[in-house]
Amino acid sequence: AQSVTQLGSHVSVSEGALVLLRCNYSSSVPPYLFWYVQYPNQGLQLLLKYTTGATLVKGINGFEAEFKKSETSFHLTKPSAHMSDAAEYFCAVTPSGGYQKVTFGTGTKLQVIP
Amino acid sequence: DSGVTQTPKHLITATGQRVTLRCSPRSGDLSVYWYQQSLDQGLQFLIQYYNGEERAKGNILERFSAQQFPDLHSELNLSSLELGDSALYFCASSVNVDRGEQYFGPGTRLTVT
């Protein structure tokens, strides 16, 4: 079984500041990891994913995440926050071998202060 | 626009009733997933279909059922509705049984009164 923990249900940053959203996972086999974003009154949208290969993954809107196996982490970062980044962000994990369901974290709401 | 469509956008109904939510996946996607999102439970995976067959089940109640039709659209049936079933219901699709890269629809907001 796998699980995802997102530290901090709410994060506030100033416009132009670094965005860091934390995600830790547990999985008995190598995982596939994902970050999704949900804007108000919309469905989730894939930001980026890690499956195999390079551990630093770049996504849309200037976001990136680094897979750190030793720390079982997949934190999401963006160097400079923009007002349009205000949304809820979900980390998700699924085992890489065979088929099993995707497990989503509880989400982190990002507030960007002007 | 993800290419996934869901109808209706909003649904208000009474306890004990039955409703059907409809989802059309992106063109070419064979997998359809259903999720429930509520304030207290967060985002919960309900069920997945691939090319008409059930592939995985999550936290889906026995009062809920789903199916995927030959044209690949899917319906989620919710019966004997309770106040606690009020939530956003999302459908997502993907090309194959790839588990994570899913494209989400805009959701159906269900209110049970």
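Given the structure is predicted, the values throughout are model-derived calculations rather than measurements.

Visitor: Mind showing me how you'd approach the interface of chain B and chain A here?
Guide: By a frequent convention, interface size equals the accessible area lost on bringing the separate parts together. Facing 19 residues of chain B, the contacting portion of chain A comprises 19 residues. Of the roughly 1,600 Å² buried between chain B and chain A, counting both surfaces, carbon and sulfur atoms make up 58%. Inspection of the region where chain B meets chain A yields one salt bridge. The salt bridge involving E101(B) is made with K49(A); its shortest N-O contact spans 2.2 Å. Between chain B and chain A we count three residue pairs in polar contact (both at pLDDT 80 or more) in total. Residue assignment for the side of chain B that touches chain A shows that the elements contributing at least two residues are strand 4 (31-38), strand 5 (42-50) and strand 6 (53-57) of chain B. Counted by class, the side of chain B that touches chain A contains nine nonpolar, six polar and four charged residues.

Visitor: Explanation requested: the sheet that holds strand 7 (residues 64-68) of chain B in the structure shown.
Guide: Picture the strands of a sheet paired through backbone hydrogen bonds; they go either parallel or antiparallel. All names here are of chain B. Read across the open sheet, the four strands follow the order 1-3-8-7; overall the sheet is antiparallel. Edge positions in the sheet fall to strand 1 (5-7) and strand 7, since each of these pairs with one other strand and no more. Adjacent strand axes in the sheet meet at a mean angle of 15° when their direction is disregarded.

Visitor: Help me understand unusual backbone geometry in this model?
Guide: Working note: non-glycine residues mostly have negative phi, and peptide bonds are mostly trans. All names here are of chain B. Of the consecutive residues T7 and P8, the connecting peptide bond is found in the cis state with omega at -10°. With respect to the secondary-structure elements, P8 resides in the loop between strand 1 and strand 2 (10-13). Notably, N51 is not glycine yet its phi reads approximately 50°, a positive angle. Within the element layout of this structure, N51 appears in the loop between strand 5 and strand 6. Judged by relative accessible area, which is 46%, N51 ranks as partly exposed. Non-glycine residue S80 carries a positive phi angle of around 45°.

About the thresholds
Residues numbered from 1 in each chain as written. Chains lettered and ligands numbered in written order. Predicted model: local features only at pLDDT ≥ 70, side-chain atom pairs only at ≥ 80, totals over all residues. Heavy atoms only, no water. Contact = heavy atoms within 4.5 Å. Buried area = accessible area lost by both parts, 1.4 Å probe. Salt bridge = Lys/Arg side-chain N within 4 Å of Asp/Glu carboxyl O. Polar contact = N/O pair within 3.5 Å; in protein donor to acceptor, adjacent residues only side chain to side chain. Helix = DSSP H or I, 4+ residues; strand = E, 2+ residues; numbered from the N terminus. Nonpolar A, V, L, I, M, F, W, Y, C, P; charged D, E, K, R; others polar. Pairing = 2+ DSSP bridges. Axes fitted to C-alpha atoms, helices over the stretch in contact; angles between N-to-C directions. Buried < 20%, exposed > 50% of the residue type's maximum accessible area, 1.4 Å probe, protein only.

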